[in-house]
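So you can see what is in the structure, the chains are spelled out below.
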Amino acid sequence: QVQLVESGGGLVQAGGSLRLSCAASGSTVTINAMGWYRQAPGKQREVVADIRRDLRPNYLDSVRGRFTISRDNAKNTVYLQMNSLKPEDTAVYYCNAKTWNGARDYWGQGTQVTVSS
């Protein structure tokens, strides 16, 4: 089992920045990819960014160039630096971890990000 604890999030004006953190504990050796998803009201959950142990990142097109995902493997922690935030970035952001064989997903409790115009 893996537990994910998120921190960060909150309310910010458009153009502002926020940083999310997610620390994993438990059977972390089973984890390869870690990342962030988001879900806005009435919309499906979508992947924002993820990063594997080899530190290769992937980004949703709409956040590329504004968001940066990073990872500290020694601390089993993943970060999401969000700059130039837009109202359309408003959502609940969830930390996600995937096992090496892709058979299991773990989720954090979610943290609200609200961007005011």
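Structure shown above.
Read on for an overview of the structure. (Residues numbered from 1 in each chain as written. Predicted model: local features only at pLDDT ≥ 70, side-chain atom pairs only at ≥ 80, totals over all residues. Heavy atoms only, no water.)

### Things to note about the side chain of T77
1) Next: When you line up the elements, T77 lands in strand β8 (residues 77-82).
2) Next: T77 sits in the buried class, given a relative accessible area of 9%.
3) Next: Among the polar contacts made by the side chain of T77, one reaches the main-chain carbonyl oxygen of K75 at a distance of 2.9 Å.
4) Next: Sequence-distant contacts of T77, that is, excluding residues within four places in its chain, are made with C22, A23, S70, R71 and D72. (Helix = DSSP H or I, 4+ residues; strand = E, 2+ residues; numbered from the N terminus. Buried < 20%, exposed > 50% of the residue type's maximum accessible area, 1.4 Å probe, protein only. Polar contact = N/O pair within 3.5 Å; in protein donor to acceptor, adjacent residues only side chain to side chain. Contact = heavy atoms within 4.5 Å.)

### A word on the sheet that holds strand β7 (residues 67-72)
1) Next: Spatial ordering of the open sheet is given by β1-β3-β8-β7, a layout of four strands whose pairing is antiparallel. Looking along the sheet, the strands with just one partner apiece sit at the ends: β1 (2-7) and β7. Neighbour to neighbour, the strand axes of the sheet diverge by 15 degrees on average, direction disregarded.
2) Next: Where β1 and strand β3 (residues 18-26) come together, six bridges link them in antiparallel fashion. Following the sheet pairing, S7 is matched in β3 by S21. (Pairing = 2+ DSSP bridges. Axes fitted to C-alpha atoms, helices over the stretch in contact; angles between N-to-C directions.)

### Section: the packing of aromatic side chains
1) Next: The full count for this structure, using the stated rule, is two aromatic pairs.
2) Next: Judged by centre distance (4.9 Å) and plane angle (70 degrees), the rings of Y37 and W107 are edge-to-face. Here Y37 is found in strand β4 (residues 31-39), whereas its partner W107 is found in strand β10 (residues 105-107), with 70 residues between them in sequence.
3) Next: Classification of Y37 as buried rests on a relative accessible area of 17%. (Phe/Tyr/Trp six-rings, centres within 6.5 Å; stacked < 30°, edge-to-face > 60°.)

### Topic: the pairing of β8
1) Next: Counted residue by residue, β8 has five buried out of six residues, so it is predominantly covered.
2) Next: Examined bridge by bridge, β3 and β8 share six bridges and lie antiparallel to one another. Bridged to L18 within β8 is M82.
3) Next: Judged from the six bridges that link them, β7 and β8 form a sheet pairing that is antiparallel. Paired with T68 across the two strands is Q81, which belongs to β8.
4) Next: Hairpin connection, β7 to β8: the antiparallel pair is bridged by four residues, and N76 has positive phi, about 50 degrees.

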